[in-house]
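# Notes for the structure review
Listed here are the chains, written in short residue letters.
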Amino acid sequence: KEGSSPFGRGESSTSGDSGPGSNNWVLDGYRTDTGKPLVANDPHIPYYAVSLWHEVRLHGGAFNVAGVALAGMPAIMIGRNEHVAWGITNNICSQRDLYQERTDPEHPGCFLYDGQWEPAQLRAEVIQVRGQEPIRKTIRLSRNGPIVDEILPTAACATGPVSVRWLGFEPCGWLTATLGMNRARNGQEFRETGRPWLCPTFNLVFADIEGNIGLQSVGRIPLRKIAERAYRPGWDPQHRWTGVIPYDEMPGFINPKRGYVVTANNRLAPGDFPYLLAGCWNSGHRARRLRQQIEAKKVWSREDTRRLQLDVFSGRASLGVSPLIVALEGDADPNVQQAVSLLRGWNYHVRADSAPATLFNVFFTHWCKTVCRERFPAEVADFVAGTAVGIASRLLVRDVGWFQRDRTEAIRETFRTTLDELTTKLGPDMTAWTWGRLHVLTQPHFLSKRGDLGSLLDLTGKPCGGDNATVNAGTMDDHFASVLGAGYRMIADLADPSAGLWATEVAGSSGHPGSPHYADQIEPWSAGELHYIPLQGDIGGVVLTLEPRQLIAGEETIE
């Protein structure tokens, strides 16, 4: 099968920082034990007791599709119909720009643009609040967009007026495209359904029952004349958008020769791609691990795919632990040397029962702060530390002149801080510092902070493996709890005679705390188990049946 793509055969490259995201991949039939494609997806979202996803089967008229929808959306975002299966990840390409606006006391209420002072636009907003007087706000806008100073983080509020331009302010076509995806009858038709999709940006992998596989990036990316990662000068016409990348020239291809497609928030186009993609891509640890595992095995089964979704090998640790050990070898502190001996025996798998995983992840979190404090003012250093994982990884491997003091001593000092914190939190026995003691599944309810409701409604406490550099991801909060990861896992086998899929959702399918389905998927999710949903026959679960003017959901009727 010949591949086609606007940038060759669809080879991936990686850049940027490692961070939270999602995984999806699709395997050609010649790589599977059934001879038909397999599609896998595990989108990473914040964990809540009531999930953002709602698992359903949508049946009626031209629809027979199952998977998950965003709660309240009448279309399946991830899943399959009888002909096509698909999964999504975030494309990490920017659809917005922040503009620094220039003002002058001699021209009150104006913003500078192209040498002229233009009056600000004013828009009145009225927000109705039950039982209270309406809230009235006046929004100021420049030609670039609304002024957003009052919602910027404190550390970013000292620069003067800032405006934002975002494609999401325009009609997005998301629902139109998704409904088309739900009805697509083959891979090529599936690609065409993405044309109305303007915002947000996603990478869709897909396969059809005819054996075709492919990728299509949806959501448009603004055309910019100048690359800029800081505020853009709002007064300079050269920083205005000139359109969007045409849909036919967005990253996409069908039937690549290598027989698989992987996306994990990594850059999908090489450096000579003809358009500025304006991305903040993942470092590629997850995508690299997925490619390595897929290429290491000739024939894949659905069970192999399920196990790969649970993989907790850390590419970041595999690169960072050895130079960390080298830096610590000369430290005379016996506690440091005990920790070094644990790190030496580690296989870089971030398992819940691993003490070395705790040592490395807690150290690396502090190391990001150390790196930022070297160059940023104290009041903003910790604020930006969460975005410094890329440079922190490189500075752990080698010195590039970042530090004004001895880099080795900076590493040792940070590591001692790590040991002190873990001793305080977990006690003196270093071998008992297992990752799952800190990295617990945290699912707050939206009413969690209202009185004592959290103790009744939250679903928190299950030990978890993984971190934000592993395929089975678990992004941490400030206390190292797992707050974001694979809220849903799905595998679709295009050879399945009942056109079904296998899936699990970390929260139950019901948002009602009194329902038996409020938390009934946490244990299977934790064990990596999947349940089966066929498109043919009775699934014994929630079926949305389309009727004129209404949706029927179980026993509830939604007009």
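Computed from a predicted structure; not experimentally measured. (Residues numbered from 1 in each chain as written. Predicted model: local features only at pLDDT ≥ 70, side-chain atom pairs only at ≥ 80, totals over all residues. Heavy atoms only, no water.)

### Considerations on the overall build of the chain
Each helix and strand counted, the chain has 13 helices and 29 strands in total. Its C-alpha atoms put the chain at 70 × 65 × 60 Å along the principal axes. On the chain, roughly 24900 Å² of surface is accessible, and the fraction owed to carbon and sulfur atoms is 52%. Taking the 56 positively charged and 62 negatively charged side chains of the chain as two groups, their mean positions are separated by 4 Å. (Helix = DSSP H or I, 4+ residues; strand = E, 2+ residues; numbered from the N terminus. Areas by Shrake-Rupley, 256 points an atom, 1.4 Å probe, with all protein chains shown as cover. Lys, Arg positive; Asp, Glu negative; His and termini not counted. Charge placed at Lys NZ, Arg CZ, Asp CG, Glu CD.)

### Side note on the packing of helix H6 (residues 334-344) against helix H10 (residues 407-426)
With their axes 11 Å apart at the nearest point, H6 and H10 run at an angle of 90° to one another. Looking at the two axes, H6 sits roughly perpendicular to H10. Between H6 and H10, the contacting residues are Asn-335, Val-336, Ala-339 and Leu-343 on the first element and Phe-415, Arg-416 and Leu-419 on the second. (Axes fitted to C-alpha atoms, helices over the stretch in contact; angles between N-to-C directions. Parallel < 35°, antiparallel > 145°, perpendicular 65-115°, else oblique. Contact = heavy atoms within 4.5 Å.)

### Here's the deal with unusual backbone geometry
Backbone phi values are negative for most residues with the exception of glycine, while trans is the configuration of most peptide bonds. In this chain, Cys-199 is followed by Pro-200 through a cis amide linkage whose omega measures 0°. Phi is positive for Phe-480, which is not a glycine, with a value near 75°.

### A word on H10
With 20 residues, H10 should reach 28 Å at 1.5 Å per residue; the first-to-last C-alpha distance of 28 Å fits that figure. For H10, the set of buried residues is Arg-407, Ala-410, Ile-411, Arg-412, Thr-414, Phe-415, Thr-418, Leu-419, Glu-421, Leu-422 and Leu-426. Against helix H5 (315-328), H6, helix H7 (355-375), helix H9 (389-397) and helix H11 (435-438) lie the buried residues of H10. Two or three places before Thr-408, at the start of H10, stands the capping residue Asp-406, its side-chain oxygen 3.3 Å from that residue's backbone nitrogen. Residue Gly-427 follows H10 closely and has a positive phi angle near 95°. (Expected span 1.5 Å × (residues − 1). Buried < 20%, exposed > 50% of the residue type's maximum accessible area, 1.4 Å probe, protein only. Polar contact = N/O pair within 3.5 Å; in protein donor to acceptor, adjacent residues only side chain to side chain.)

### Some details on the environment of Trp-281
With respect to the element layout, Trp-281 can be found in the loop between strand S19 (260-263) and helix H3 (285-296). Owing to a relative accessible area of 5%, Trp-281 belongs among the buried residues under this scheme. With 188 residues separating them in the primary sequence, Trp-281 and Cys-93 have C-alpha atoms 7.6 Å apart.

### With respect to the sheet that holds strand S12 (residues 135-142)
Across the sheet, which stays open at both edges, the 3 strands sit in the order S11-S12-S13 with antiparallel pairing between neighbours. Two strands in the sheet have a free side with no partner beyond their single neighbour: strand S11 (121-127) and strand S13 (145-146). (Pairing = 2+ DSSP bridges.)

### A word on the environment of Asp-382
Among the structural elements, Asp-382 can be located in helix H8 (residues 378-385). A relative accessible area of 39% means that Asp-382 is categorised as partly exposed. Between the C-alpha atom of Asp-382 and that of Asp-114, which follows or precedes it by 268 residues, the distance is 37 Å. Side chain to side chain, Asp-382 and Arg-373 meet in a polar contact 3.0 Å long.

### Structural notes on a nonpolar patch on the surface
A surface patch of nonpolar side chains, about 270 Å² in accessible area, is lined by Leu-447, Leu-453 and Leu-456. With respect to the helices and strands, Leu-447 occurs in the loop between strand S20 (440-443) and helix H12 (453-457). (Patch = residues over 30% accessible without salt bridge, like charges linked within 9 Å, V, L, I, M, F, W, Y side chains within 5 Å. Salt bridge = Lys/Arg side-chain N within 4 Å of Asp/Glu carboxyl O.)

### Description of H6
Inspection of H6 places Val-336, Ala-339, Val-340 and Leu-343 among the buried residues, and these make up the whole buried set. Taken end-on, H6 shows its buried residues confined to a sector of 105°, consistent with a single buried face. As for H6, its buried residues are in contact with H5, H7 and H10. (Arc of directions from axis to C-beta.)

### Here we look at the pattern of salt bridges
Taken as a whole and judged by the stated rule, the model has 21 salt bridges. Of the charged contacts, one joins Arg-307 and Glu-303 as a salt bridge, the two residues approaching to 3.4 Å between their closest N and O atoms. A residue pair is termed a helical-turn pair when its members lie 3 or 4 positions apart in one helix, as Arg-307 and Glu-303 do in helix H4 (residues 302-309) at 4 residues. Classification of Arg-307 as partly exposed rests on a relative accessible area of 44%. Here Arg-351 makes a salt bridge to Asp-353, at a shortest N to O gap of 3.1 Å. For Arg-351, a relative accessible area of 46% translates into the label partly exposed. Each of the salt bridges in this network shares a partner with another, and the network as a whole consists of Lys-297, Glu-303, Asp-304, Arg-306 and Arg-307.

### Digging into the side chain of Arg-286
In this structure, Arg-286 sits in helix H3. An unpaired buried charge is present at Arg-286: no salt bridge exists, and Asp-42, the closest side chain of opposite charge, is 6.5 Å distant. At a separation of 3.3 Å, a polar atom in the side chain of Arg-286 contacts the main-chain carbonyl oxygen of Ala-264.

### Describing the nonpolar core
Counting residues in each nonpolar core, the largest one holds 45 residues, and the members touching the most others are Leu-324, Leu-343, Trp-346, Phe-360, Trp-367 and Phe-415. Counting residues per element, the ones that place at least two in this core are H5, H6, H7, H8, H9, H10 and H11. Looking at which element gives the most residues to this core, the answer is H7, with 10 residues. Setting aside residues up to four positions removed in sequence, Trp-367 forms contacts with Ala-392, Leu-395, Leu-396, Phe-403, Ala-410, Ile-411 and Thr-414. (Core = buried A, V, L, I, M, F, W, Y, C linked by side-chain atoms within 4.5 Å.)

### Regarding the sheet that holds strand S8 (residues 96-100)
Within the open sheet, the 3 strands sit side by side as S14-S8-S17. Their pairing is mixed. Two strands lie at the open edges of the sheet, namely strand S14 (162-166) and strand S17 (232-233), each paired on one side alone. With 2 bridges connecting them, S8 and S17 associate as parallel partners. Residue pairing for S17: Gln-100 is matched across the bridge by Pro-233.

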